[in-house]
Structure formats: structure tokens, C-alpha cells
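Chain by chain, the residues:
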Amino acid sequence: KATPRVKLLAGGLVLALAAVAGYAAGSAAAPSAATALAVEDIVHAPSFSSAQTKKAFGVNFGTGLMKTPPTTSAAMDKYAEAAAKYKIPRLKIWQVGAQRDLALDAIKKAYGSDPLQVMVLVPNSDVAACATDPSYAPQLVSDMKNKYPFVTSVTVGSECDDPALCADTVFKQLPKACANMKTAIAAAGSAIQVTSAMSNNIFQARNGDFSDEILSTAAVGTTTKAAIVVKMMPHIDFFSFNPYPILDYSDFAQQQWHDWVEGKSSAYPPVASMLESQIMHARHALMDPTCSDPTCARKPLAITETGWATAGVAPAASPFAFLSEATSLFADRYLTNTVNDLVSGNWDTKYNVILNQVYLFELFDESQKTGPSGMEPHWGLLNEDTSPKGPTGGGFTILN
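Residues numbered from 1 in each chain as written. Predicted model: local features only at pLDDT ≥ 70, side-chain atom pairs only at ≥ 80, totals over all residues. Heavy atoms only, no water.

When you line up the elements, D385 lands in the segment after strand 12 (353-360). Look at D385 and you get partly exposed, because its relative accessible area is 43%. It is 9.9 Å that separates the C-alpha atoms of D385 and A82, two residues lying 303 residues apart in sequence. Among the polar contacts made by the side chain of D385, one reaches the side chain of S387 at a distance of 2.6 Å. (Helix = DSSP H or I, 4+ residues; strand = E, 2+ residues; numbered from the N terminus. Buried < 20%, exposed > 50% of the residue type's maximum accessible area, 1.4 Å probe, protein only. Polar contact = N/O pair within 3.5 Å; in protein donor to acceptor, adjacent residues only side chain to side chain.)

In C-alpha cells:
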């Protein structure tokens, strides 16, 4: 998870809103003729109704950092059955290698004939192999196509823009790794889509103005993060990032942030939430001429992680000292508002978000996770044993 980054004031929305207004409306408010999009240019995802039995959202499905990770089919079945029980139609799985196949086999059995979409992961440790080993991508694609046809997308790396997670040499290999994956998919006649999930720190405020965000110009050796992302753009089907509004929730003086979590979005039209503000800024950054690849402005957006932790302990001097907000009550409000916005917020037409590529983080707590915030073990919608969480222990609203 990225560290707190944005201090967004209510008035700071105006410029960014004007910059993306032409995206959906085709108006003169778009940044330039080169980046303006007509409505027909937008890649629409299916619309969802709250009346559907299946959930409108996907979730991240990880088990590797539990106290006792499942290592047998019978043990993994328990977790796959929980996902199927709650009728979650899209899973982004974290398991790799033999554990990946164990999880996919369990998911296949648990869901049976129910429609299912799964995103798999090329771990950061394998990005270099995906870029340099000519057999890596074809083998993954073959395995997915022949054994797990419900796998519809792959993320090459996860937050590899974060230097704590990927060395510069690895991050610089992402464009080639994505290109190799696309080539292997085409050669196999597969429809699997390719992305590479970025942290929210892939964006930065231009000249300190958080209403005008662009791709990060932070140095990566002799190049920049922005240059690497631009080079990657032709080889991904959609741009993915991981916004975590809780990590930007430390400025208690800003009542707007609290109102957004409380669901009082009507006080700040037309942006309904902290999450929507981050989506809006991501769209703005991709439409900006500094994202110079011709595919940038039209590249669909996906949210590969977002969530709200239910607990966390940090020292008072820590940048995470706001963790009194890491509670089940606040998590329930954030998750409920997020799913409501996903269903009815028109993110697809306003920002070209692919509505069936939005994944909450995560389905289960994983108690062995560590991190400076103390939140890492507590992101689950369910406890580690698959029992309900929520403000009263009866489950989060979005699962009921």
C-alpha cells in the first residue's frame, strides 16, 4: 500500500473536473483536441443492477499469508466455497506457481457452472523472466487457456512502480514483459487481457497542484516512472491502479473527507467520494499530453485494489497515526458507498472505468502480513476462518 499522498480540498476539484468534463460530454472543456474523447470512443462495461443476486464487485483472493495457509485441495476448497457462497463473480488471485493451480482448481469446483472471471498474477519476482525468457508467457497462457478458461486477465506485476516492491531494473522491464504476454496471447488465439497494476503513487501533482495530476516524473535510473508507463501503454488492454482513500484520511481538518466516508456526498457535487476523486485524477493524468502514447487518453481504467482496514496499531509519530479510522464501522460505510457508486455512479461513461474490473481488497484477513501501519492483517471482508466481520460481527452490508 502506498503512503498517504493527497490532500484534496473541495475547491481543488474544479480544474480537474473541467479537464475531464469533455470526456463524457464531448464538450470544449476537454484539455485539447488531441485528448478529447467523444462518447462513442468510450469502452463500456456491462451495467449492473442492485437487484442482481451476483455481486457487482470483484475481490482480491489471497491465502498465502494466513496463519495456516491452505496447501491441500480440501483446505483450499473452504476459501473458494466462501467466495462462491457470497456470489462474487470476479476474483483477482494472488497465489502463484503450484498454489495458483490449487486455488484455480478449488475455484472451478466451487463455482461449477456459474459464470466466473478471474485475474491471475505474474508476481514481481517473475517480471524479469516474463521479459527475458521466451517460454514464460506462452506457458502461462497455455495453462490458462487449456485448464482454466475462466481466467480472463493477467496483471504483470503488482505495484512494481513502488521501489520497495520492485528494483528499478525490474520496473524498467515491465513494458517488455507486457509485450511478451500480449504476443503469447495472440499466438495462442486467446482473449485474455493484459494489465499491470500500479500503486496510487504512479500519479503526482503538477507543480504541487492536486487538481492537476500527471504520471509521476520520479527518476528510475536514467529514465522516469512516466516514461516507463508510456512505453508500456501499447501492450496493455487497460490501465490499473490501486487507490486507498484511507491512506489519505489523515488530515482531520478537512470535513469533506469525513463527510464522504459518512455518505454525505450531496454536499460536494458532482464528485461523490474520495475514491471517485482519485479515479477522476487518474483519468485526468492519462488524458494529459505528458502521457504521450496515442493510446493513453482512450485507455480504459481498472481498480485492481481498494479497501478499508478494520484495525491497525501505529505509533503516535507514525504517518499512520490516524488509524482510529481503521474500524469495521468505517470500513462498512466505505465499502457500501463504493459499491453503490460502482452500480449507479456512471464511472464508465464519466471516466472510462471498466466496471467489471473493480476489485475490493480483500476477501479474507491474512494474519501474517506485516507493514508499518499495522493494518495489513485486517483488510478482509471476512475473517481468516471465513466467518463474517462487519460492525456487529454479522457481516458487511455489501455481502448481505
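To continue, consider the nonpolar core. By size, the foremost hydrophobic cluster in this structure holds 105 residues, and its most contacted members are F61, L91, M181, F239 and L381. Excluding residues that lie within four positions of it along the chain, L381 makes contacts with F57, V59, L335, L360, E362, L363, F364, K389, F396, I398 and L399. Judged by nonpolar contacts, the second largest core, of five residues, contains F238, A302, I354 and Y359. (Core = buried A, V, L, I, M, F, W, Y, C linked by side-chain atoms within 4.5 Å. Contact = heavy atoms within 4.5 Å.)

Time to look at the state of the cysteines. According to the stated counting rule, one finds two disulfides in the structure shown. One disulfide in the model links C160 with C166; its S-S distance is 1.9 Å. With the S-S bond torsion at -100°, the cross-link from C160 to C166 turns out left-handed. Residue classification places C160 among the buried residues on the basis of a relative accessible area of 1%. Here C166 falls in the buried class, since its relative accessible area comes to 4%. Across the protein chain, the way the bonded cysteines pair up, counted in sequence order, is 1-2, 3-4. No disulfide involves C130; its sulfur sits 7.3 Å from the nearest other cysteine sulfur, which is in C178. For C130, a relative accessible area of 0% corresponds to the buried category. (Disulfide = S-S within 2.5 Å.)

Structurally, A131 can be placed in helix 4 (residues 127-132). Along the primary structure A131 and A177 are separated by 46 residues, whereas in three dimensions their C-alpha atoms are 3.9 Å apart. Not counting residues up to four positions away in its chain, the partners in contact with A131 are Q173, K176, A177 and N180.

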